[in-house]
Amino acid sequence: MTPKSALIAAGLFAGLAACTVVPSVEAGAAPDDSQPVAPRTVAAPPAPAPASTPTTPARTDFTYSGELTQGGWIRGQAPSNAVSATLGETPLLLDEEGNFFAAFDRDAGTSELLVATLANGETVTRELTVLPRDWDIERVNVARRAGGASESFMRRRQPELDAIWDARIANSDTNGWKEDFIWPLTGRISGRFGSQRIYRGEPGSYHSGIDIATGGSGNPFVAPASGVVTLAVEDFSLEGNLLIIDHGAGLNSAFLHLSEIAVEEGDRVEQGQLLGRIGSSGRATGPHLHWSLKWHLTRLDPILFTGPMP
Ligand SMILES: [Zn+2]
């Protein structure tokens, strides 16, 4: 049983839409049989029987599959002749065959709209049902720490935030988003995505990634999917040594608190390639890997990409 089917069997994600599979469009496949046949010379050897060209019926609707739940994602194909498509307000990056990736925020509502605009100006709309989740919410009877960073901190922080922003909005030419993600390393999950404290009724910010601890520092971790390194920096004030990998289609990973980074900005990395070693640099209570995934501005739950920790 695959990890993902185990999750489904456990009923955690019961009710997800089933996969919708369509034959992929073969490059150069004739859309019908009415193509003119090239004249043959008499001396030519018998031509091979024409390959049965599978006729690809036009897709009149979206097809997709994935994890239709808060913090989850879908991959799919837009209707034929779509020139653009959106999920809610977010434009989808369609590849040449109309394949796309889209994802649902931790706080997404139960209904989201996929909309394609066709070449003839018509639109195709598909309503998605996004399952809500029970987040790990802890109510504590203490006041939230007074916010407001000092001026000197923000002088240091702002360029860091700018660098992170630039790295996360990069749009690299990579198909990592089409891969089935793997765990960057195995260990104990010491912090789950989406967990949140509420301080005397005032919500703190939720945990934006997943924490993996191995009981020490220095364990190697690998790329969960292929991509391009868009940021590899040391000593950021909160993140410490920080690495960001762009998986394409608006999807990217960040790895925080590293003790060592083994790749450089601009490097192409393959799934499973060594990226560095975990640590406790920056603001961390102990050595662990904080892995966060984002699709544009939407924060996602890594466990919905990998399945349960083996
Ligand atoms: Zn974390």
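Note that the structure is a prediction, hence the values are computed from the model and not measured.

**Remarks on the sheet that holds strand 3 (residues 82–87)**
In a beta sheet, neighbouring strands pair by backbone hydrogen bonds and run either parallel or antiparallel. Across the sheet, four strands lie side by side as 4-3-6-7; this open sheet has antiparallel pairing. Each edge of the open sheet is held by one strand with a lone partner, namely strand 4 (90–91) and strand 7 (123–129). Bridge count for strand 6 (residues 111–118) against strand 7 is seven bridges, and the pairing is antiparallel. The residue bridging Ala 116 from the neighbouring strand is Val 124, located in strand 7.

**What about the confidence of the model for the protein chain?**
With 82% of its residues at a pLDDT of 70 or more, the protein chain has an overall mean of 86. Per-residue pLDDT stays below 50 along residues 1–42; that stretch engages in 38 contacts with residues further than four places along the chain or on separate chains.

**Side note on the coordination of the zinc ion**
For the zinc ion, the full set of protein donor atoms is His 207 (NE2), Asp 211 (OD), Asp 211 (OD) and His 290 (ND1), at a range of 2.0 to 2.8 Å. Given four donor atoms and angles of 52 to 153 degrees at the metal, the environment of the zinc ion is assigned as irregular. Spacing between the donor residues of the zinc ion along their common chain follows H-x3-D-x78-H. Of this pair, Asp 211 sits in strand 12 (residues 210–213) while His 290 sits in strand 19 (residues 289–295), and the two are 79 residues apart along the sequence. Overall, His 290 belongs to the buried group, its relative accessible area being 7%.

**Concerning the packing of aromatic side chains**
Each pair of aromatic rings is reported with the distance of its centres and the angle of its planes. Summed over all chains, the structure comprises 11 aromatic pairs. Ring geometry for Phe 62 versus Phe 100: centroids 5.8 Å apart, planes at 85 degrees, classification edge-to-face. Taken as a pair, Phe 62 in the loop between helix 1 (3–9) and strand 1 (63–66) and Phe 100 in strand 5 (residues 99–103) lie far apart in primary sequence, 38 residues in all. Both residues of the pair, Phe 62 and Phe 100, count as buried. The ring of Tyr 206 carries Arg 106 above its face, with NZ or CZ at 4.3 Å from the centroid.

**Re the pairing of strand 19**
In terms of residue burial, strand 19 counts as a mostly covered element, since seven of its seven residues are buried. When strand 12 meets strand 19, the two strands line up antiparallel, connected through three bridges. By the bridge assignment for strand 19, Asp 211 is matched with His 290. Taken together, the six bridges between strand 16 (residues 251–261) and strand 19 define a ladder with antiparallel strand orientation. Of the residues in strand 19, the one forming a bridge with Leu 256 is His 290. Note: strand 19 against strand 20 (residues 298–300), three bridges, orientation antiparallel. Across the sheet, residue Trp 295 finds its bridge partner in strand 20, namely Thr 298. Counted along the chain from strand 19 to the antiparallel partner strand 20, the turn is two residues long, and its residue His 296 has a positive phi close to 50 degrees.

Calculation criteria
Residues numbered from 1 in each chain as written. Predicted model: local features only at pLDDT ≥ 70, side-chain atom pairs only at ≥ 80, totals over all residues. Heavy atoms only, no water. Pairing = 2+ DSSP bridges. Helix = DSSP H or I, 4+ residues; strand = E, 2+ residues; numbered from the N terminus. pLDDT = per-residue confidence, 0-100. Contact = heavy atoms within 4.5 Å. Donors = N, O, S within 2.8 Å, 3.2 Å for Na, K, Ca; no water. Tetrahedral: all angles 85-135°; square planar, octahedral: opposite > 155°, others 65-115°. Buried < 20%, exposed > 50% of the residue type's maximum accessible area, 1.4 Å probe, protein only. Phe/Tyr/Trp six-rings, centres within 6.5 Å; stacked < 30°, edge-to-face > 60°. Lys NZ or Arg CZ within 6 Å of the ring centre and 35° of its normal.

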